[in-house]
Amino acid sequence: MISSKFAFTILALLLISGLVDSAAQDMRFVNPPALAEGKTMAASVRTSNAALSLNDMAALTQLGGATWGAGKSQIAQFDAQGTLLKSSALPVSQVAGIAAYDGGTILVGSSSENTIYKFDPIASSVQKFLDLKQIDSSGILAGDVLQNGELVSIASDGKFVFAAIRAGYSSSIFKIDPTTGKIISRAWAPGPNPSIMAYSSGNLFVLDESSKQLRRFDSNMKLSADAISVADRKAKGILAINSDVQILSTEASKLQVMPINAAALVASMPTSIADRSVASSKVTLNPGAAAIAQGSKIAVLICGDIAENGFEEFWSDTCWMYKTLRDAGYSAENIYVLYGNGNDHSSDNPKYQSADTVTDFPATYVWVDKVFDGLRNGDSTNGINKMKSSDSLFVWTFDHGAGGAPAYLCLMDADMDEGHFDGKLNALPFQKAAIFMQQCRSGGFVDSLQGSRTFVSTACRSDQNAFPSNSEYETYNGQIYNHGEYNYYLISAISGITPGGGKVNADTGGDSGISALEAHNWEANHEDLAEVPQMSDVGGVGSTFIIKSFSTGGIKFVKPEAAIVREVIPIPTPTPDPIANGLSKMPKIGKLMG
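Thresholds applied
- Every chain's residues receive numbers from 1 upward, in the order its sequence appears when written.
- It should be noted that, the model being predicted, local features are given only for residues of pLDDT at least 70 and side-chain atom pairs only at 80 or more, the latter also being counted only at that level, while totals for whole chains, interfaces and linings use all residues.
- Side-chain calculation: all heavy atoms of the structure are included, whereas hydrogens and water are not.
- DSSP-based pairing: two strands are paired if at least 2 bridges between them are found.
- Here a helix means four or more residues in a row that DSSP labels H or I, a strand means two or more in a row labelled E, and each is numbered from the N terminus.
- Residue exposure (1.4 Å probe, protein chains only): buried if accessible area is under 20% of the type maximum, exposed if over 50%, otherwise partly exposed.
- The angle between two axes is taken between their N-to-C directions and runs from 0 to 180 degrees, where each axis is a line fitted to C-alpha atoms and a helix contributes only its stretch in contact.
- We define a nonpolar core as any set of buried Ala, Val, Leu, Ile, Met, Phe, Trp, Tyr and Cys residues linked to one another through side-chain atoms lying within 4.5 Å.
- Roughly parallel means an angle under 35 degrees; roughly antiparallel, over 145; roughly perpendicular, 65 to 115; everything else is oblique.
- In this scheme, a crossing is called left-handed if the near helix is turned counterclockwise away from the far one by less than a right angle; it is called right-handed if the turn is clockwise.
- Contacts were defined at the residue level, with two residues in contact if any of their heavy atoms lie within 4.5 Å.
- We call Asp, Glu, Lys and Arg charged. Ala, Val, Leu, Ile, Met, Phe, Trp, Tyr, Cys and Pro are nonpolar, and the rest, Gly among them, are polar.
- Classification of ring pairs uses Phe, Tyr and Trp, with its six-membered ring standing for Trp, and accepts pairs whose centres are within 6.5 Å; under 30 degrees between planes counts as stacked, over 60 as edge-to-face, and the remaining range as tilted.
- Two conditions define a charge located above a ring, namely a distance within 6 Å from the ring centre to NZ of Lys or CZ of Arg, and an angle within 35 degrees of the ring normal.
- For this analysis, a polar contact is any N or O atom pair within 3.5 Å, provided that within protein one partner can donate a hydrogen and the other can accept it, and provided that sequence-adjacent residues contribute only side-chain to side-chain pairs.
- Put simply, a salt bridge is a Lys or Arg side-chain nitrogen that is within 4 Å of an Asp or Glu carboxyl oxygen.

Draft legend 1. The arrangement of the sheet that holds strand β18 (residues 228–229) in detail. Spatially, four strands are ordered β15-β16-β17-β18 in an open sheet, and the strand pairing comes out antiparallel. Whereas interior strands pair on both sides, the edge strands pair on one side only; in this sheet they are β15 (194–200) and β18. Alignment of strand β17 (residues 213–217) against β18, held across two bridges, turns out to be antiparallel. Residue Leu214 lies in a different strand from β18, and its bridge partner there is Ile228.

In structure tokens form, the structure reads like this:
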């Protein structure tokens, strides 16, 4: 007869063995060494009684008529009613898109790793498919965002893989050949958060999470001129079959399909550049008719992209800066605006409308040269007056940026490197200049532009991306109008008021005026994204370059900033930069210098 003590021992051993076996079943898909070696692993299959729903999925797609979703550590199949059929373990904690692939397999992006996994629904196995950090991006404009940006969505045509990378104003979409690990092409994303993508019949459809606009790239990765607004805030996938597009979403754990008529979007052509040979009517074509007074204030504003390409702030900030300078005493004839394709954007927001024409020229490589050359030598054909040595020059740039050493300003038709830009600007006979740059990698311009006559301010270091603002925006008629984080605080400092009507006192010197240095310091001490503004004031002109004076005493000094930065900030050796996702905050300049 078996004693009760012995029976209890046997029972305990059986229970422990069961627990260990159960744990092994749950953990057997986690095998990093096998993943690193590209080995296929069996994924544990769970039945429909598992506590999973459509709402647990971060991304949805369809394969062979079946709906598949991917969520934290899980990939699952659902029927047409949204009922779970089966699920498998997945070594992905942060899903960045899901897409059907060749051979009846499914690709799943991992945001935390910038890696793409491949899942076989038949064998319920998963393997590492493509590590984007290992892709050779040398020679590709902004190619390094594959390493320092964040993967947010994927798509595939069955052969090539499309990867959307979030990196502020350097957010990009890459077309990659996974068999060779080579980049086929790259394009700027149509917004900062290209969160959902799908490919069909030579077209790549992209839904930007921020603007909720559906856009199309053609076979040459050219962006369509039109966009379709998608009101669904729970969108998790796109199905694209020829010109028919459907938005997959979840509501109350049920599968929702929203048909979108994308015929007009598919038929639209990429936006072209209106390369005009003459300036707009607001520019004086006869230099003798409006002689420049002694010590005139000249401004050049350059934005090398258009609002229609996914960032409304390309126009909003350009118009806002123009109107701010007009209010600061700059005459319309002395402000030269190079914007996008050479035409004003038609904004629905009165704040970003102007009684006179804002845009003078396209923001192309040729026209940037023409404007700087015209300021140097005079150009009556295009209404550009020759500068005098007593004039001051205000320069502002906004767009995508690239490189770092050297750095590039990306324009509508080409990319201008820092050496060329510096050569054109420093050839001008100004008394002093203040240069403000919002684009990514703008800190790379500092070493070329700094000098005894020049104050330089940039949104970030040479190895960093610049970002749209996170909470600094306003709403008009239900539409959100965002800004560049750097632009928001810079222009608010100059104007003395935010777009939302908040009062701003950047006159820390209490001298009834806003200097270039005060505008920079206000921006640097108030923004809070993962970008570190840079500044150079070798000749000490930042405090004497008065952008705006107050004729009636001005804004009185209230409280000094915690740190007023007047030293030249050295350009650091490029290092990997954290992603501005709200989880990482870089120190401000005042703290760096403190």
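Draft legend 2. Quick peek at the environment of Gly500. Within the secondary structure, Gly500 is located in the loop between α9 (485–495) and β32 (513–515). On the accessibility criterion, Gly500 (67% relative accessible area) is exposed.

Draft legend 3. Spotlight on the sheet that holds strand β14 (residues 182–188). What the four strands build is an open sheet, ordered β11-β12-β13-β14; its pairing is antiparallel. Edge positions in the sheet fall to β11 (150–156) and β14, since each of these pairs with one other strand and no more. In this sheet, adjacent strand axes meet at a mean angle of 25 degrees when their direction is disregarded. Bridge count between strand β12 (residues 161–166) and strand β13 (residues 172–177): five bridges; the pairing is antiparallel. Looking across to β13, one finds that Ala163 is bridged to Phe174.

Draft legend 4. Looking closely at the nonpolar core. Grouped together as the largest cluster of nonpolar side chains are 52 residues, with contacts concentrated most on Leu301, Leu325, Phe394, Phe436 and Ile547. When residues of this core are traced back to their parent elements, those giving at least two are β22 (297–303), α5 (313–327), β23 (335–339), β24 (392–398), β28 (432–437), α9 and α10 (516–524). Grouped together as the second largest cluster of nonpolar side chains are 31 residues, Ala363, Val371, Ile435 and Val456 included.

Draft legend 5. Broad picture of the packing of helix α6 (residues 365–377) against helix α7 (residues 418–426). Two elements in contact, α6 and α7, have axes separated by 9 Å at closest approach and are oriented at 25 degrees. As the angle between them shows, α6 and α7 are arranged roughly parallel. Every pair of crossing elements has a handedness; the one defined by α6 and α7 is left-handed. Contact residues: α6 offers Tyr365, Asp369, Phe372 and Asp373, while α7 offers His420, Phe421, Lys424 and Leu425. For the contact of α6 with α7, the residue count by class is four nonpolar, one polar and three charged.

Draft legend 6. Structural view of the packing of aromatic side chains. With the rule as written, the count across this model stands at 19 aromatic pairs. Aromatic side chains Tyr488 and Tyr489 sit 4.9 Å apart centroid to centroid with 85 degrees between the ring planes, which places their arrangement in the edge-to-face category. Judged by relative accessible area, Tyr488 falls into the buried class, the value being 12%. On the basis of relative accessibility, which here comes to 12%, the residue Tyr489 falls in the buried class. By way of ring pairs, the aromatic residues Tyr169, Phe311, Phe314, Trp396 and Phe398 are connected into one cluster. Here the guanidinium or amino end of Arg186 rests over the ring plane of Trp188, the centre of that ring lying 4.0 Å away.

Draft legend 7. View of unusual backbone geometry. For the bond running from Ala405 to Pro406, omega is 0 degrees, close enough to zero to count as cis. Following the sequence through the fold, Pro406 ends up in the loop between β25 (401–403) and β26 (407–410). Its identity as a non-glycine residue notwithstanding, Ser201 has a phi of 50 degrees, on the positive side. Position of Ser201 among the secondary structure elements: in the loop between β15 and β16 (203–208).

Draft legend 8. Local environment of the side chain of Asp379. Position of Asp379 among the secondary structure elements: in the loop between α6 and β24. In terms of polar contacts, Asp379 uses its side chain to reach the backbone amide nitrogen of Thr381, at 3.3 Å. Residues within four places of Asp379 in sequence aside, it is in contact with Gly374 and Ile384.

Draft legend 9. Inspection of the pattern of salt bridges at higher detail. For the structure on display, the rule yields seven salt bridges. Linking Asp373 and Lys424 is a salt bridge whose minimum nitrogen-to-oxygen distance equals 3.0 Å. Highlighted residues: Asp373 in helix α6 and Lys424 in helix α7, separated in sequence by 51 residues. Linking Asp391 and Lys388 is a salt bridge whose minimum nitrogen-to-oxygen distance equals 3.9 Å. A relative accessible area of 0% places Asp391 in the buried class. For Lys388, a relative accessible area of 28% gives the class partly exposed.

Draft legend 10. Expanded view of the pairing of β16. Within β16, six of the six residues are buried, leaving the element largely enclosed by the surrounding structure. With six bridges joining them, β15 and β16 adopt antiparallel strand pairing. Among the inter-strand pairings, Ser200 is bridged to a residue of β16, identified as Asn203. In terms of strand pairing, β16 meets β17 through five bridges, oriented antiparallel. Across the sheet, residue Asp208 finds its bridge partner in β17, namely Gln213.

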